[in-house]
Amino acid sequence: MDDQLTQPAARPAAGEISEVIRPAAIVPEEAARSVLVELALRDVQNGGVWQAGPSLWSRYDRPWHGPDNAAGAELIGRVHVAYGTPTKYEITIYRVTVTLFGSQLGWSVESLCDEALGHGGLRLQDCPRATMATPPPPFRG
């Protein structure tokens, strides 16, 4: 991500690496569909290592033993997403966190994103970026 700016998020848990993706990464419609289908097929409750919801994709080190039974599976990291933005069928990635456990295994913000995005033929560094608007002038009362 040579020309992409990232900033540490406020107060990550001890040992976590958390980055706010600035400008946010946009997953285009076709890739978004592929990523969502593949993450669902690789759900922790179906023998996979991902748990994907509408605002958070979590990566574990191994599958769970059924619904709500992590059975010792360790969280590697989380990708914070927003569905339907900037357009109806796109996904925005705005924050990524790698746990201490994940970083000890060699995971990084980029590698975590790249694993998920790879199902749509993308890498984080190749994603289009959100347009950042100029902030409004400060209020003078």
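Anyway, here's the lowdown on the structure attached to this text. Because the structure is a prediction, the values reported are computed rather than measured.

**Brief notes about the overall build of the chain**
Helix and strand content of the chain: three helices and six strands. Ordering the α and β elements of the chain from the N terminus gives β-β-α-β-β-β-β-α-α. In terms of overall size, the chain behaves like a compact globule, its C-alpha atoms giving a radius of gyration of 16 Å where 141 residues would be expected to give roughly 14 Å. C-alpha extents for the chain along the principal axes are approximately 55 × 35 × 35 Å. Relative to its full complement of 141 residues, the chain shows a buried share of 38%.

**Things to note about the environment of glycine 106**
Tracing the chain through its elements places glycine 106 in the loop between helix H2 (100-104) and helix H3 (109-117). Along the sequence, glycine 106 and isoleucine 76 sit 30 residues apart, while their C-alpha atoms lie 9.9 Å from each other.

**Structural notes on the packing of aromatic side chains**
In this structure the tally under the stated criterion is one aromatic pair. With a centroid separation of 5.3 Å and an interplanar angle of 80°, the aromatic rings of tyrosine 60 and tryptophan 64 are classed as edge-to-face. Comparing tyrosine 60 with tryptophan 64 shows no difference in burial state: the two are buried. Positioned above the aromatic ring of tyrosine 89 is the side chain of arginine 33, whose terminal nitrogen or guanidinium carbon lies 5.5 Å from the ring centre.

**Section: the pattern of salt bridges**
What the rule picks out here adds up to six salt bridges. For glutamate 115, the salt bridge is made with arginine 59, and the minimal N-O distance between the two is 2.8 Å. With a gap of 56 residues between them, glutamate 115 in helix H3 and arginine 59 in strand E4 (residues 56-60) connect regions that are remote in the sequence. Among the residues examined, arginine 59 registers a relative accessible area of 11% and is labelled buried.

**Some remarks on the nonpolar core**
Ranked by size, the top nonpolar core spans 26 residues in total, and within it Val27, Trp57, Val79, Ile93, Val96 and Leu117 carry the most contacts. Among the elements that line this core, the one with the most residues is H3, at five residues. Excluding its chain neighbours within four sequence positions, the residues that come into contact with valine 96 are Ile17, Ser18, Glu19, Ile21, Arg78, Val79, His80, Val109, Leu112 and Cys113.

Parameters at a glance
- Residues numbered from 1 in each chain as written.
- Predicted model: local features only at pLDDT ≥ 70, side-chain atom pairs only at ≥ 80, totals over all residues.
- Heavy atoms only, no water.
- Helix = DSSP H or I, 4+ residues; strand = E, 2+ residues; numbered from the N terminus.
- Rg over C-alpha atoms; globule rule 2.2 N^0.38 Å.
- Buried < 20%, exposed > 50% of the residue type's maximum accessible area, 1.4 Å probe, protein only.
- Phe/Tyr/Trp six-rings, centres within 6.5 Å; stacked < 30°, edge-to-face > 60°.
- Lys NZ or Arg CZ within 6 Å of the ring centre and 35° of its normal.
- Salt bridge = Lys/Arg side-chain N within 4 Å of Asp/Glu carboxyl O.
- Core = buried A, V, L, I, M, F, W, Y, C linked by side-chain atoms within 4.5 Å.
- Contact = heavy atoms within 4.5 Å.

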